[in-house]
Amino acid sequence: MWYHILGWTSSMLFVLTWYGLGQQLLTIEKRRRNRQVATQSLSINQFASSYFAFFANFFYGISIEPFNHYLVWTRCGALLLLLVILFRIWFERRSWWSAITFWSGLVILVLGFVSMLFRPFPGFARLGANSLMLAVTVLLVQGTLHQWLLIRKQGVVGALSFSLFRTILIKDISTLVFALTIPLTSAWPLLLLNGSSVVSRSLLLIQMEVLRKRTDSQVVE
């Protein structure tokens, strides 16, 4: 019973992440219309690591038995929105790294949909899903750290959306609670990934708030 109650609760709260990603896209578009650098201070590393973290949850939900609809379809929506953000970064910067990031993200998402036709996976595939979660945890932490260092170095928040990171934190906390309803042998990758996200993104959000207050005080002066 608690599995479904917390699963639905987590899914409803995850919709806030869709809202946050939508706000990030609106911020990019608003800056573009104002002839500003639309993706200023957006770390490709950060958004790519976020993408692969969502994909890890997405693939994890596909690989386990039973199929976890709560994880799969909520992350699917986030992946599509993030893919648009990665496209906008590529479109503005035209760097080889932004191109590789966007196209690799598109390819693995398509492969994720195709993998649904062949599930449930044998134990080897399950081990692969867990390994992916571990790798993405490391990727996510270093990506968030890179974003933290970037805005600290530039001294501005730029196009980063506060709404995005606040909603992601809510999502991560709700996912942690939901993971507690799953046996630890299956849930530990979720606990590790989302727990690491809570810590690293909380630090990033604090840095963003510090920079905003500093900017506001300079304006007042």
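Residues numbered from 1 in each chain as written. Predicted model: local features only at pLDDT ≥ 70, side-chain atom pairs only at ≥ 80, totals over all residues. Heavy atoms only, no water.

### Concerning the environment of Ala-38
Put simply, the rule is: Secondary structure counts use DSSP, requiring at least four H or I residues in a row for a helix and at least two E residues in a row for a strand, with both numbered from the N terminus. Residue contacts follow a heavy-atom distance rule, with two residues in contact if any of their heavy atoms lie within 4.5 Å.
Position of Ala-38 relative to the elements: it lies in the loop between α1 (2–33) and α2 (44–63). Along the backbone, Ala-38 and Asn-57 are 19 residues apart, and their C-alpha atoms lie at a distance of 29 Å. What Ala-38 contacts, discounting residues up to four positions off in sequence, is Ile-28, Arg-31, Arg-32, Glu-92 and Ala-159.

### A short note on a nonpolar patch on the surface
As a reminder, the rule being used: Each patch groups residues whose relative accessible area exceeds 30% and which form no salt bridge, using 9 Å between like charges and 5 Å between nonpolar side chains of Val, Leu, Ile, Met, Phe, Trp and Tyr. Areas reported here follow the Shrake-Rupley algorithm with a probe of radius 1.4 Å; residue values treat only the protein chains shown as occluding. Salt bridges are identified by distance alone: a Lys or Arg side-chain nitrogen within 4 Å of an Asp or Glu carboxyl oxygen. Burial classes: relative accessible area under 20% of the type maximum marks a residue as buried, over 50% as exposed, and values in between as partly exposed (1.4 Å probe, protein chains only).
A contiguous nonpolar patch, built from Trp-8, Met-12, Val-15 and Trp-18 and spanning about 420 Å² of accessible area, is present on the exposed surface. By the secondary structure assignment, Val-15 is in helix α1. The exposure class assigned to Val-15 is partly exposed, which follows from its relative accessible area of 37%.

### As for the side chain of Gln-207
Tracing the chain through its elements places Gln-207 in helix α7 (residues 184–220). When near neighbours in sequence (up to four residues on either side) are disregarded, Gln-207 contacts Trp-148, Ile-151 and Arg-152.

### Points about the nonpolar core
The cut-off we apply is this: For the purposes of this section, nonpolar cores are sets of buried Ala, Val, Leu, Ile, Met, Phe, Trp, Tyr and Cys residues that join through side-chain atoms within 4.5 Å.
Formed by 43 residues in total, the largest nonpolar core has its most connected members in Phe-47, Phe-58, Ile-85, Leu-160 and Met-208. Only α1, α2, α3 (69–93), α4 (96–115), α6 (162–179) and α7 provide two or more residues apiece to this core. Examining the composition of this core, we find that 10 residues originate from one element, α3, more than from any other. With 15 residues, the next largest nonpolar core counts Val-136, Leu-140, Leu-190 and Leu-193 among its residues.

### A short note on α6
To be explicit about the condition: In this scheme, a helix's expected span is set at 1.5 Å multiplied by one less than its residue total. Polar contact criterion, stated in full: a pair of N or O atoms within 3.5 Å, where within protein one must be able to donate a hydrogen and the other to accept it, and residues adjacent in sequence count only if both atoms are side-chain atoms.
Counted at 1.5 Å a residue, the expected span for α6 with its 18 residues is 26 Å, and the 26 Å between its end C-alpha atoms agrees. For α6, the full list of buried residues reads Phe-162, Leu-164, Phe-165, Thr-167, Ile-168, Leu-169, Lys-171, Asp-172, Ser-174, Thr-175, Phe-178 and Ala-179. With a side-chain oxygen lying 3.3 Å from the backbone nitrogen of Ser-163, the N-terminal cap of α6 falls on Ser-161.

### A closer look at the pattern of salt bridges
For the structure shown, the criterion picks out five salt bridges. Two residues, Arg-32 and Glu-29, come together in a salt bridge whose shortest N-O distance is 2.5 Å. Taken together, the positions of Arg-32 and Glu-29, both in helix α1 and three residues apart, correspond to about one turn of that helix.

### Here's the deal with the layout of surface pockets
It is a probe the size of a water molecule, rolled over the atoms, that shows where empty space is left. Cut-off, in case you're wondering: Using only the protein atoms, space was sampled on a 1 Å grid; points where a 1.4 Å probe fits but cannot get out form cavities, open sets with protein on both sides within 12 Å along at least five of seven lines form pockets, and lining residues are those with an atom within 4 Å of a point. Grid points are joined across faces, edges and corners, and a volume is the space filled by probe spheres set on the points. Classes in brief: Ala, Val, Leu, Ile, Met, Phe, Trp, Tyr, Cys and Pro nonpolar; Asp, Glu, Lys and Arg charged; the others, Gly included, polar.
Considering only enclosed or pocket space, the largest pocket measures out at about 200 Å³ in volume. Contributing to the lining of the largest pocket are Thr-27, Lys-30, Arg-31, Asn-34, Gln-36, Gly-158, Ala-159, Leu-160, Ser-161 and Phe-162. Take the lining of the largest pocket: its biggest share by element is three residues, from α1. Tallied by class, the residues present in the lining of the largest pocket amount to three nonpolar, five polar and two charged.

### Remarks on α4
In this model, α4 (20 residues) spans 28 Å end to end at C-alpha, consistent with the 28 Å of a helix rising 1.5 Å per residue. When we look at burial in α4, the residues that qualify are Ser-98, Ala-99, Thr-101, Phe-102, Gly-105, Leu-109, Gly-112 and Ser-115.

### What to know about the packing of α2 against α4
To be explicit about the condition: Structural elements are reduced to axes, namely lines fitted to C-alpha atoms, with helices fitted over the stretch in contact, and the angle between N-to-C directions of any two is expressed from 0 to 180 degrees. Should an angle fall under 35 degrees it is taken as roughly parallel, and over 145 as roughly antiparallel, whereas 65 to 115 is taken as roughly perpendicular and any remaining angle as oblique.
The N-to-C vectors of α2 and α4 enclose an angle of 5°; their axes lie 11 Å apart at closest approach. Put simply, α2 runs roughly parallel to α4. Contacts between α2 and α4 involve Ile-44, Ala-48, Tyr-51, Phe-52, Phe-55, Phe-58, Phe-59 and Ile-62 from the first element and Trp-97, Ser-98, Thr-101, Ser-104, Gly-105, Leu-106, Ile-108, Leu-109, Gly-112, Phe-113 and Ser-115 from the second.

### Regarding the packing of α2 against α3
Counted only if it meets this: The crossing is said to be left-handed when, going from far helix to near helix, the turn is anticlockwise and less than a right angle, and right-handed when the turn is clockwise.
It is the contact of α2 with α3, at a shortest axis distance of 9 Å, that shows an interaxial angle of 155°. With respect to each other, α2 and α3 are oriented roughly antiparallel. Relative to α3, the crossing made by α2 is left-handed. Here Ile-44, Phe-47, Ala-48, Ser-50, Tyr-51, Phe-54, Phe-55, Asn-57, Phe-58, Tyr-60, Gly-61 and Ile-62 of α2 come into contact with α3, specifically with Leu-71, Val-72, Arg-75, Cys-76, Ala-78, Leu-79, Leu-82, Leu-83, Ile-85, Leu-86, Ile-89 and Arg-93. Residues belonging to the contact of α2 with α3 are distributed by class as follows: 19 nonpolar, three polar and two charged.

None of this, on its own, says anything about what the molecule does.
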